[in-house]
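These are the residues of each chain, in order.
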Amino acid sequence: MKILVSACLLGTACRYDGSAFPNEAVLELARVHTLVPFCPEVYGGLPTPREPAEICGGRVLTRSGADVTKQYEKGAAEALRLARLLRCECALLQDRSPSCGIGVVHDGSFTDTLTPGDGLTAKKLSEHGVRVLPASRVAELSACPCDKRCQRHGDCEACRLYHQRHGRPFCER
Ligand code: SF4
């Protein structure tokens, strides 16, 4: 399966403070899926590092009050364009980000307080039919690929690696 992934989860140093957020379980998905790294904030034209921003009253504002909604919208549109172009079946996105967050984001007070809501990219993808999953649910994509991918079970390299890694017997035919 082809999956659009928040680039910071794959180790790219594109977060607002110039850091990465590599996630071992997400990196492991590369063994059985094709991962497409993407950072909507960078593709939206923002620099790295950059001021932290949060969603506030329908706009995206930086801590100092600059309105960066346009850049966030551009990043969301680019995410959708690439997901369609490359036929990504789903998107695996970093939790709580004003771009990538799914279901929960920071509340705009810059006090580390969370509130229900979606980041702009997560919302855009979801509204256009791309399945979105937060990184905290990566296990749902780690399931054995045998039945979904090739039906060859023990003859398939991806399946063999998966079972070797997880110490499980091959699925029954
Ligand atoms: S916008 Fe998304 S991909 Fe980019 S650093 Fe933030 S969480 Fe990671």
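Preceding this paragraph is the structure being described.
Residues numbered from 1 in each chain as written. Predicted model: local features only at pLDDT ≥ 70, side-chain atom pairs only at ≥ 80, totals over all residues.

**Topic: the overall build of the chain**
Part 1 of the argument: Within the chain one finds 6 helices and 8 strands.
Part 2 of the argument: Taken from the N to the C terminus, the helices and strands of the chain come in the order β-α-β-α-β-β-α-β-β-β-α-β-α-α.
Part 3 of the argument: In the chain, which comprises 173 residues, the proportion classed as buried is 35%. (Helix = DSSP H or I, 4+ residues; strand = E, 2+ residues; numbered from the N terminus. Buried ≥ 20, exposed ≤ 12 C-beta atoms within 10 Å, placed from the backbone.)

**Here we look at the nonpolar core**
Part 1 of the argument: Ranked by size, the top nonpolar core spans 36 residues in total, and within it Leu4, Val5, Ala91 and Leu93 carry the most contacts.
Part 2 of the argument: Counting only elements with at least two residues in this core, the list comes to β1 (2-6), β3 (53-56), α3 (69-85), β5 (90-93) and α4 (120-127).
Part 3 of the argument: Here the element with the most residues in this core is α3; it accounts for 5 residues.
Part 4 of the argument: Residue contacts for Ala91: discarding those within four places in its chain leaves Ile3, Leu4, Ala83, Leu125, Val130 and Val132. (Core = buried A, V, L, I, M, F, W, Y, C linked by C-beta atoms within 7 Å. Contact = placed C-beta atoms within 7 Å.)

**As for the site of the ligand**
Part 1 of the argument: In the vicinity of the ligand, the contacting residues are Ser6, Ala7, Cys8, Cys14, Arg15, Cys39, Pro40, Glu41, Gln94, Ser97, Ser99 and Cys100.
Part 2 of the argument: When grouped by side-chain class, the residues that make up the shell around the ligand number 6 nonpolar, 4 polar and 2 charged. (Near = placed C-beta within 6 Å. Nonpolar A, V, L, I, M, F, W, Y, C, P; charged D, E, K, R; others polar.)

**Considering the sheet that holds strand β8 (residues 131-134)**
Part 1 of the argument: Spatially, β2-β1-β5-β8 is the arrangement adopted by the 4 strands of the open sheet, whose pairing is parallel. Bordering the open sheet on either side are β2 (34-38) and β8, each of which pairs with just one other strand. This sheet shows a mean twist of 25° between the axes of neighbouring strands, independent of strand direction.
Part 2 of the argument: As defined by bridge partners, β1 adjoins β2 across 5 bridges and the pair is classed as parallel. Across the sheet, residue Val5 finds its bridge partner in β2, namely Pro37. (Pairing = 2+ DSSP bridges. Axes fitted to C-alpha atoms, helices over the stretch in contact; angles between N-to-C directions.)

That's the geometry; what it means functionally is another story.
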